[in-house]
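Here is how the chains run, residue by residue.
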Amino acid sequence: FTVLQRSELIIVALLAWPLIGERIDGRFWIGAAIALGGLMLIQNPFAETDARAVGAAWAGVAVLCFALMTVITRKVVHRIDVVSVNALRLWLSLACWFAWNGLPSELFEISVPQMLYGSLAGFFGPFMARLCLMNSAKYIEARVTTLVTLAAPPLTLVIAYILLSDLPNAREIQGGIVMLVGISIPVISLMLQARQPRTTRAG
């Protein structure tokens, strides 16, 4: 699922071109290819022997929804209040979840530690992470935002080691390094392009 979800990178780039006019340069495709290669090195989807077509289809729907949300956010971000929109999105998600699943009896069995950890996950994940992504749309192109989020898997390895003493294996370390190299190519290119007009004006 993680590998399939990261294909959002390609879908965002393809949608952003016709919908909001963000053209794709060669450095982006090179960096994206390297980063996706590193992700597959960390977790090879072809090594799974019990793949489920239905699960892959649901993952594809999720990828399309996330891609559309990223592109639409980039298109309208200067006309909305991102905090209010993000809060409304979360409440709508909660309402849709209960409408889909009803009121499971397991909710009444949640312990205080589970509630605490669930609240922390909700704060850092659906709330804070998405709020930062929405704010990034004010400054960088949609495909670049999506590319930078590919840094999550290698960063997760580092944080897991720090907090859980879960030492990544050699394959995961190599894949993480490859991913970060791929991500850095278009990001550094973007930074150099941003500095170029200032240098020209200064000259």
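This write-up is about the structure you can find in this document.

Reading the values: rules and limits
Residues numbered from 1 in each chain as written. Predicted model: local features only at pLDDT ≥ 70, side-chain atom pairs only at ≥ 80, totals over all residues. Heavy atoms only, no water. Core = buried A, V, L, I, M, F, W, Y, C linked by side-chain atoms within 4.5 Å. Buried < 20%, exposed > 50% of the residue type's maximum accessible area, 1.4 Å probe, protein only. Helix = DSSP H or I, 4+ residues; strand = E, 2+ residues; numbered from the N terminus. Contact = heavy atoms within 4.5 Å. Axes fitted to C-alpha atoms, helices over the stretch in contact; angles between N-to-C directions. Parallel < 35°, antiparallel > 145°, perpendicular 65-115°, else oblique. Left-handed = near helix turned anticlockwise from the far one by under 90°. Nonpolar A, V, L, I, M, F, W, Y, C, P; charged D, E, K, R; others polar. Salt bridge = Lys/Arg side-chain N within 4 Å of Asp/Glu carboxyl O.

Moving on, we come to the nonpolar core. Leu9, Phe28, Ala35, Leu147, Leu150, Met179 and Ile183 are the most contacted members of the largest nonpolar core, which totals 15 residues. Among the secondary structure elements, those contributing two or more residues to this core are helix H2 (8-20), helix H3 (26-42) and helix H9 (170-202). Counting residues per element, this core draws most heavily on H3, which supplies six residues. Ignoring anything within four residues of it in the chain, the contact list for phenylalanine 28 reads Leu9, Ala13, Arg143, Leu147 and Pro186.

Moving on, we get to the packing of helix H5 (residues 82-101) against helix H6 (residues 112-136). For the pair H5 and H6, interaxial distance at closest approach is 10 Å and the crossing angle is 140°. One element, H5, and the other, H6, form an angle in the oblique class. In this structure, H5 meets H6 at a crossing whose hand is right-handed. When H5 is examined against H6, the residues Val82, Val83, Val85, Asn86, Arg89 and Leu90 are found in contact with a partner set consisting of Pro126, Phe127, Arg130, Leu131, Met134 and Asn135. Taken together, the residues of the contact of H5 with H6 break down into eight nonpolar, two polar and two charged.

Turning to the pattern of salt bridges, a few remarks are in order. Taken as a whole, this structure holds two salt bridges when the rule is applied. Across the pair glutamate 22 and arginine 74 runs a salt bridge, and its minimum N-O distance is 2.7 Å. With a gap of 52 residues between them, glutamate 22 in the loop between H2 and H3 and arginine 74 in helix H4 (residues 53-76) connect regions that are remote in the sequence. Given a relative accessible area of 6%, glutamate 22 falls into the buried group.

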